[in-house]
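Here's the letter readout for the chains.
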Amino acid sequence: MADYYELLGVSKSATEDEIKKAYRKLARELHPDTNGGDAVAVERFKEVTIAYETLRDPEKRRQYDMFGDGGPRGQGSGDFFSPNFGDIFENIFGQAFGGGFGDGGGQRSARHGEDMETSINLKFEESVFGTKKEISIRLPVTCKTCVGSGSKPGTTPSVCRSCGGSGQVRRVTQTLLGRMMTTSTCDTCYGDGKIITTPCPDCRGEGRKTEERSYVIEIQPGIEDGATLRLTGKGPAGPRGGYPGNLYIHVHVEPSKTFKRSGQDLFAQFNISISQAALGTKLEFESLDELVEINVAPGTQSGKILRFKGKGVPNFGGRGRGDLLVELVVTTPKDLSEEEINLYTRLAEIRGEKISEPNEHGLFSKLKSAFR
Ligand SMILES: [Zn+2]
Ligand SMILES: [Zn+2]
């Protein structure tokens, strides 16, 4: 590889700033996007990046000046860089291009806000037809005074001396496979690349403050109990202008007294009398959205299921609705009056059904009253 200083087009006595400027200029010219991925440009870009990685670090620059790119033990530069080259490349790339070129040297905080969870309760009907819910939650939001920077308005943070403003520190470690370069977040500035000299009095330099926020959440029809909604970027603000986290909302649906849900279908039971089951009738049942007619055919057996198409739960986020299934339950009367007993007895006689003798019935009543 050519001389690192020549690659960057700087003199041997260039300052750190000059090296940085030269690299940025070259990186912009050689960026694969501007060259349509031209192989020669990509290769040069890599070389320039390696040169910059070495010269930007005072210790590595000193070694390079003394020993050249082979390093003090004469190892090839390939060995030196290849184990972590992808990482380095990405870091440089991320900084140089993702971080905003020519943005006045400002470093953007890479620290994200954490994710947050909360829950809401819905009535059964709300879960079926959808609703809007307002939730209030206390969470860190961007400080208005410093607009998230953490610095008192009118003051400027200083560049972190430990990492030179990159937020990353690179260390060379000796391993069995040769020397490896590892990259880690700077301990001094926690990756910000800058040190706040005069903290914002409102947020004590955090760039965020805990406040109450309200969100109106649109609940789509058909949501199920136990579902989780994600509000992307509505979670806590990141420290010092970092991206906000997500807000996760767990949905609890109150069970219905009448309906049980199974997928998109609703299930309900409907009581009818023995006479209604035997003779047939038309009755009304209040489904979730309207009255439906229950047509009891003569001779209906307990457990018969009537299906009402499209009266179930809407498909969540889709079209169509499930069905309503109504089970007819034939109920046996209790506490019969004298007249009813006579009528049921007469009915049993006509049908030749064996029933308790009237005196047995009377005896049973007497026994019962004796134990009262
Ligand atoms: Zn502030
Ligand atoms: Zn630092």
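Residues numbered from 1 in each chain as written. Chains lettered and ligands numbered in written order. Predicted model: local features only at pLDDT ≥ 70, side-chain atom pairs only at ≥ 80, totals over all residues.

1. Section: the overall build of the chain
In plain terms, the rule: Numbered from the N terminus, helices here are DSSP runs of H or I no shorter than four residues, and strands are runs of E no shorter than two. Partly exposed residues are those whose C-beta has more than 12 but fewer than 20 other C-beta atoms within 10 Å; 20 or more makes a residue buried and 12 or fewer makes it exposed, with C-beta atoms placed from the backbone.
When you go through the chain residue by residue, the secondary structure sums to 10 helices and 15 strands. Relative to its full complement of 372 residues, the chain shows a buried share of 23%.

2. As for the sheet that holds strand S11 (residues 265–273)
Sheet strands associate in pairs through backbone hydrogen bonding, adopting either a parallel or an antiparallel arrangement. So the rule is basically this: Strands qualify as paired when DSSP identifies two bridges or more between them. Under this scheme, a helix contributes an axis fitted over its contacting stretch, all axes are lines through C-alpha atoms, and angles between N-to-C directions fall in the 0 to 180 degree range.
Within the open sheet, the 4 strands sit side by side as S10-S11-S15-S14. Their pairing is mixed. Each having just a single partner strand, strand S10 (260–262) and strand S14 (304–308) make up the two edges of the open sheet. Strand-to-strand, the axes of this sheet are offset by a mean angle of 30°, without reference to chain direction. Relative to S11, S10 runs antiparallel, the two sharing 3 bridges. Counterpart to Lys-260 in the pairing with S11 is Phe-267.

3. Quick word on helix H9 (residues 338–351)
Heads up, the rule is: Each residue after the first adds 1.5 Å to the expected span of a helix.
Over its 14 residues, H9 extends 20 Å from the first C-alpha to the last, a length consistent with the 20 Å expected when each residue adds 1.5 Å. By the criterion of burial, H9 is predominantly exposed, with just 0 of the 14 residues buried. Once H9 ends, the next one or two residues include Gly-352, with phi positive near 65°.

4. Brief notes about unusual backbone geometry
Even without a glycine there, the phi angle at Tyr-190 is positive, about 55°. Structurally, the position occupied by Tyr-190 is in the loop between strand S5 (178–185) and strand S6 (194–195). The partly exposed category is assigned to Tyr-190, around which 15 C-beta atoms lie within 10 Å. A positive phi angle, close to 50°, is found at Arg-240, a residue other than glycine. For Arg-240, a count of 28 C-beta atoms within 10 Å corresponds to the buried category.

5. Thoughts on the nonpolar core
Going by this rule: For this entry, the nonpolar core is defined as buried Ala, Val, Leu, Ile, Met, Phe, Trp, Tyr and Cys residues connected by C-beta atoms within 7 Å. The start and end points of each domain follow an automatic or database-based domain assignment. Any two residues are considered in contact once their C-beta atoms, placed from the backbone, lie within 7 Å.
Within the largest apolar cluster, 17 residues are counted, with the highest numbers of intra-cluster contacts made by Phe-124, Val-251, Leu-266, Ile-272, Val-296 and Leu-328. Sorting the residues of this core by element identifies helix H7 (124–129), strand S9 (247–253), S11 and strand S15 (324–331) as the ones contributing at least two each. The greatest single-element share of this core, amounting to 4 residues, is contributed by S9. Viewed by domain, this core spans two of them, domain 2 (107–155 + 200–254) and domain 4 (260–331), each represented by three or more residues. Apart from residues no more than four positions distant in its own chain, Leu-328 is found in contact with Phe-270, Ile-272, Val-296, Thr-300, Ser-302, Lys-304 and Leu-306. Of all hydrophobic cores here, the second largest spans 15 residues; its members include Leu-8, Ile-19, Tyr-52 and Tyr-64.

6. A word on the confidence of the model for the chain
The line we're drawing: As a per-residue quantity, pLDDT reports the predictor's confidence and falls between 0 and 100.
Per-residue pLDDT for the chain has a mean of 82; in total, 82% of the residues score no lower than 70. Low confidence marks residues 71–109, where pLDDT is under 50. Its contacts with residues over four positions away, or in another chain, come to 52 contacts.

7. Details of the sheet that holds strand S8 (residues 228–231)
Taken together, 3 strands build an open sheet; the order of strands is S1-S9-S8 and the sheet is mixed. The sheet is open, and its two edges are formed by strand S1 (116–122) and S8, each paired on a single side. The mean inter-strand angle of the sheet, taken between neighbouring strand axes irrespective of direction, is 25°. Pairing of S8 with S9 involves 4 bridges; the strand directions are antiparallel. The partner of Arg-230 across the bridge, within S9, is Tyr-248.

8. Considerations on helix H2 (residues 16–30)
This is how the line gets drawn: The arc in question is formed by the directions pointing from the helix axis toward the C-beta atoms.
With 15 residues, H2 extends 21 Å between its outermost C-alpha atoms, agreeing within 8% with the 21 Å of an ideal straight helix rising 1.5 Å per residue. Where H2 is concerned, the buried positions are Ile-19, Ala-22, Tyr-23, Leu-26 and Leu-30. Angular distribution of buried residues about the axis of H2 spans 100°; they occupy a single face of the element. Relative to its buried face, H2 has exposed residues pointing more than 90 degrees away, namely Asp-17 and Lys-25. Where the residues of H2 are buried, they touch helix H1 (4–8) and helix H3 (39–55).

9. Quick word on the environment of Ile-137
Tracing the sequence through the fold places Ile-137 in strand S2 (residues 131–142). Each C-alpha atom, one on Ile-137 and one on Glu-212, is 5.4 Å from the other, the two residues being 75 residues apart in sequence.

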